[in-house]
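# Analysis of the macromolecular model
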Amino acid sequence: MATPYVLSRSGQSVLATNKLIRNTYTLLSMTLLFSALMAGLSMAVRVGPGAYLACTIGAFALIWLVLPRTANSASGIGVVFAITGLLGFSLGPILTMFLKMPGGAQTIMMALGGTGVIFLGLSGYALTTKRDFSFMGGFLFVGMLVVLGASLLNIFFAMPAASLAISAAVVMLMSGFILFDTGRIVNGGETNYVLATVSLYMSIFNIFISLLNLLGAARDE
Amino acid sequence: MDWMKISSAIFLGMMIVLLLPRAKAIMSNTPEAKPGDWNSAILPLLAVAGLIALLMAFAR
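Let me sum up the structure you'll find in this document. Given the structure is predicted, the values throughout are model-derived calculations rather than measurements. (Residues numbered from 1 in each chain as written. Chains lettered and ligands numbered in written order. Predicted model: local features only at pLDDT ≥ 70, side-chain atom pairs only at ≥ 80, totals over all residues. Heavy atoms only, no water.)

### Remarks on the side chain of Asp181(A)
All names here are of chain A. Put simply, the rule is: Under the DSSP-based scheme used, a helix requires at least four consecutive residues in state H or I and a strand at least two consecutive residues in state E, with every element numbered from the N terminus. Burial classes: relative accessible area under 20% of the type maximum marks a residue as buried, over 50% as exposed, and values in between as partly exposed (1.4 Å probe, protein chains only). In this tally Asp and Glu are treated as negative and Lys and Arg as positive; neither His nor the chain ends contributes. Salt bridges, as used here, are contacts in which a Lys or Arg side-chain nitrogen is within 4 Å of a carboxyl oxygen on Asp or Glu. Any two residues whose heavy atoms approach within 4.5 Å at even a single point are treated as in contact.
With respect to the helices, strands and loops of the structure, Asp 181 is situated in helix α6 (residues 160-186). Salt bridges are absent for the buried Asp 181, whose nearest opposite-charge side chain, Arg 184, sits at 4.5 Å. Non-local contacts of Asp 181, meaning those with residues more than four positions away in its chain, are made with Ser 199, Leu 200 and Ser 203.

As structure tokens, then:
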């Protein structure tokens, strides 16, 4: 009589996965809204370009040093809001710069819309197919290291074409990460909604920044 | 070279150093792809590439 037990375990697993998905997407939408508010605030107070770097470094320090210790407690939610708030605040100088350009508001709206379509499309695809994309892990992490190395070199060589190629590569890599992370949520590879939210948020954030760079360059042409 | 560039370079260098051991661990634990797995990932990624091209054409 093992079948009822197996069915019950399977039912519990489905319920746990559904709860994880619901919690992740609720927290993700709240953090995206909070991020947008913080971006608006940093535009209103007109912070300098140095704020972008300072907030990004602060957010990554929280991700690397604080989040792993707090992810399993209630304080993890506060850390997620701190990370996404800092990253949202860092967007202020970039958005202000774009708004000063002719057609900059349209570029921002296109990047925002494009990011939304990419995230909803890929996440919906991974959720409905329930495929396991964990086989992409090695490829995605190596790709990210290559992109970071290329970005580091481009700080010194400052080649506009390389900057565009890096942005395009980041959009593709982060799209891969959306499939990978959503697949992990659906298939039980990730059971913590705080960590799942931060992973998905980082993909969305990077896609938005890179799309802004690509669309801004296309408009300049 | 201004301090922004130097700080960015240090930050990116630190990111690479911090990510390297994690990337190595993930690479050694990544499961083999089954037939059809890559197709299921590449098709939506191609759709993303198409969307980017479309958006860039609109932006011009």
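### Quick word on the interface of chain A and chain B
What counts is decided by this rule: Two parts placed together each lose some accessible area; with a 1.4 Å probe, that loss summed over both constitutes the buried area.
Listed per partner, the contact involves 42 residues of chain A and 39 residues of chain B. The contact between chain A and chain B buries some 3800 Å² in all, and 85% of this surface belongs to carbon and sulfur atoms. Taken together, chain A and chain B are joined by one salt bridge. Ionic pairing is found between Arg131(A) and Asp37(B), a salt bridge with its closest N-O pair at 3.2 Å. Put simply, the parts of the chain that give the side of chain A that touches chain B at least two residues each are α2 (50-70), α4 (104-129), α5 (137-157), α6 and α7 (193-220) of chain A.

### Considerations on the packing of aromatic side chains
To keep things clear, this is the line we draw: Each pair of aromatic rings taken from Phe, Tyr and Trp, with Trp reduced to its six-membered ring, is defined by centres within 6.5 Å and is described as stacked if the planes are under 30 degrees apart, edge-to-face if over 60, and tilted in the remaining cases.
This model, assessed by the stated rule, comprises ten aromatic pairs over all chains. Ring plane angle 80° and centroid distance 5.4 Å describe the contact between Phe141(A) and Phe177(A), whose orientation is recorded as edge-to-face. Note that Phe141(A) is positioned in helix α5 and Phe177(A) in helix α6, a separation of 36 residues in sequence. We note that Phe141(A), like Phe177(A), is buried. For the ring pair Tyr201(A) and Phe205(A), a centre distance of 6.1 Å and an interplane angle of 20° mean the geometry is stacked. Highlighted residues: Tyr201(A) and Phe205(A), both in helix α7, separated by four residues, approximately one helical turn. Taken together, Tyr125(A), Phe133(A), Phe135(A), Phe139(A) and Trp38(B) form an aromatic cluster joined through their ring pairs.

### Section: unusual backbone geometry
Residue and element names in this part refer to chain A. For Arg 46, which is not glycine, the phi torsion reads 50° and is therefore positive. Structurally, the position occupied by Arg 46 is in the loop between α1 (3-44) and α2. The phi dihedral of Ala 158 falls on the positive side, at around 50°, and the residue is not glycine. On the secondary structure map, Ala 158 appears in the loop between α5 and α6. Owing to a relative accessible area of 49%, Ala 158 belongs among the partly exposed residues under this scheme.

### What to know about the nonpolar core
Residues and elements named next belong to chain A. So the rule is basically this: In this text, buried Ala, Val, Leu, Ile, Met, Phe, Trp, Tyr and Cys residues form a nonpolar core when linked through side-chain atoms within 4.5 Å.
One finds Ile 83 and Leu 212 to be the most contacted residues of the largest nonpolar core, which totals 77 residues. Element by element, the count of residues in this core is highest for α7, at 16 residues. Contact partners of Leu 212, with chain neighbours within four places excluded, come to Ile 94, Leu 95, Phe 98, Thr 107, Ile 108 and Ala 111.

### Thoughts on the pattern of salt bridges
All names here are of chain A. Taken as a whole and judged by the stated rule, the model has two salt bridges over all chains. Arg 184 is the salt-bridge partner of Glu 190, the closest N and O atoms lying 3.3 Å from each other. Since its relative accessible area comes to 13%, Glu 190 is described here as buried. By relative accessible area, Arg 184 is classed as partly exposed at 26%.

### Describing α7(A)
Residues and elements named next belong to chain A. Our working definition: Expected helix span is computed as 1.5 Å times (number of residues minus one). Any N or O atom pair separated by 3.5 Å or less is treated as a polar contact, with the protein-specific requirement of one donor-capable and one acceptor-capable atom, and with residues adjacent in sequence counted only for side-chain atom pairs.
Relative to the 40 Å expected for 28 residues at 1.5 Å per residue, α7 spans 40 Å between its end C-alpha atoms, a close match to the ideal helical length. Among the 28 residues that make up α7, 21 are buried, leaving the element largely enclosed by the rest of the structure. Two or three places before Val 194, at the start of α7, stands the capping residue Asn 192, its side-chain oxygen 2.8 Å from that residue's backbone nitrogen.

Don't take any of this as a statement about function, it's just geometry.
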